[in-house]
Amino acid sequence: MQTNILELEHLAKSFGKKRVLADINLTVIPGEIIGLIGPSGAGKSTVIKIALGMEVATNGTAKIFQKEMPNRQLLSDIGYMAQTDALYMSLTGYENLHFFGVMKGLKASKLASAIEYVAAVVNLTADLNRRVVEYSGGMMRRLSLAIALLGDPQLLILDEPTVGIDPALRQQIWAELGRIKMTGRSILITTHVMDEAELVDRVALLLDGTVMAFDTPQKLKQLYQVDSVEKVFLKAEGVETCES
Ligand SMILES: Nc1ncnc2c1ncn2[C@@H]1O[C@H](COP(=O)(O)OP(=O)(O)OP(=O)(O)O)[C@@H](O)[C@H]1O
């Protein structure tokens, strides 16, 4: 039987009277990239925060590595990149990476090479000794991604990691995500970039508080009889597309 790295069952969440999530069911298995897509405000970040134990669900359960969340002990094996950067602005990029590496429990003997590796992936090697306050928005996103990658975690949860990142580097980052997946690690990623949704193993389409479709990009395109995930998304939302 396949082990689930992440498993969400019947998640519901309301903020006051506003119901954001009604019934979310989602699994991530080893060695796959899951793309979570949905319109702005659909609740993608809320799903992620509940999965990580940062928000409390109104109903349902979230398990990571088959243990119910929240569970602080698991956090060192999860790389999380939030939508807003949580960086120390007065420190350099290197110092940020060093701090978070120590927090993640990386051994001193491995930390320098780990920092060197993740900095190269996001193309920040030349800027590591500059203070983050001098970074552009895109550079901050890249530093946040590098922090998430530190320590080679079993599970990566990335909330819009490529916002503000130029196309060439975006390609480089997706190549790295592909390599990470090939080592059996799992990735849950939210994105607004529909080209990226074509690159994942399975797409979860979040709409009206539920995962209304969850399958490979290929199968979803067949099901909706369209030729791109973008059109699947539009059709699911009830927007007319050329094929419909
Ligand atoms: N702490 C909170 N208190 C009240 N409402 C919240 C809170 N967090 C999120 N919401 C609301 O829940 C809804 C879903 O928000 P969420 O950030 O999860 O959506 P999203 O799909 O990630 O959106 P986007 O694609 O724009 O990032 C929104 O209407 C938002 O205003």
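Look above for the structure.
Below or above, wherever it landed, is the structure these notes cover. It should be emphasised that the depicted structure is a prediction, and the values quoted were computed from it without experimental measurement.

Rules behind the numbers
- Residues numbered from 1 in each chain as written.
- Predicted model: local features only at pLDDT ≥ 70, side-chain atom pairs only at ≥ 80, totals over all residues.
- Buried ≥ 20, exposed ≤ 12 C-beta atoms within 10 Å, placed from the backbone.
- Helix = DSSP H or I, 4+ residues; strand = E, 2+ residues; numbered from the N terminus.
- Pairing = 2+ DSSP bridges.
- Right-handed = clockwise from strand over helix to strand, strands pointing away.
- Near = placed C-beta within 6 Å.
- Nonpolar A, V, L, I, M, F, W, Y, C, P; charged D, E, K, R; others polar.
- Contact = placed C-beta atoms within 7 Å.
- Core = buried A, V, L, I, M, F, W, Y, C linked by C-beta atoms within 7 Å.

## Quick word on the pairing of strand E8 (residues 186-190)
Move 1: Counted residue by residue, E8 has 5 buried out of 5 residues, so it is predominantly covered.
Move 2: Here E8 shows no split at all, with Ser186, Leu188 and Thr190 on one side and Ile187 and Ile189 on the other all buried.
Move 3: Strand direction decides the pairing type here: strand E3 (residues 33-37) and E8, joined by 4 bridges, are parallel. By the bridge assignment, leucine 36 is partnered in E8 with threonine 190.
Move 4: The pairing of strand E7 (residues 155-159) with E8 spans 5 bridges and is parallel. What sits directly across from isoleucine 157, in E8, is leucine 188.
Move 5: Once you follow E7 into helix H5 (residues 167-182) and on to E8, the crossover reads as right-handed.

## Digging into the site of the ligand
Move 1: Around the ligand sit Phe15, Val20, Gly38, Ser40, Gly41, Ala42, Gly43, Lys44, Ser45, Thr46 and Gln83, and those are all the residues in its vicinity.
Move 2: The biggest single contributor to the shell around the ligand is helix H1 (residues 44-52), with 3 residues.
Move 3: Here the residues of the shell around the ligand are counted per class, giving 3 nonpolar, 7 polar and 1 charged.

## Here's the deal with the environment of leucine 220
Move 1: Tracing the sequence through the fold places leucine 220 in helix H7 (residues 217-224).
Move 2: A tally of 23 C-beta atoms within 10 Å means that leucine 220 is categorised as buried.
Move 3: Each C-alpha atom of the pair leucine 220 and glycine 209 lies 19 Å from the other, and the pair is 11 residues apart in sequence.
Move 4: The residues contacting leucine 220, other than those within four sequence positions of it, are Val203, Ala213, Asp215, Val229 and Val232.

## Observations regarding the pairing of strand E2 (residues 18-28)
Move 1: In this structure, strand E1 (residues 6-15) lies alongside E2, joined through 7 bridges in antiparallel fashion. Bridge pairing in E2 places glutamate 7 opposite threonine 27.
Move 2: Where E1 folds back onto E2 in an antiparallel hairpin, the turn is made up of 2 residues, including glycine 16, whose phi is positive at roughly 60°.

## Description of the nonpolar core
Move 1: Ranked by internal contacts, the top residues of the largest apolar core, which has 68 residues, are Val47, Ala51, Val118, Ala146, Leu150 and Ile157.
Move 2: It is helix H4 (residues 137-149) that provides the largest number of residues to this core, a total of 7 residues.
Move 3: Setting aside anything within four residues of it in sequence, one finds isoleucine 157 in contact with Ile48, Ala51, Leu52, Ile78, Tyr80 and Leu188.

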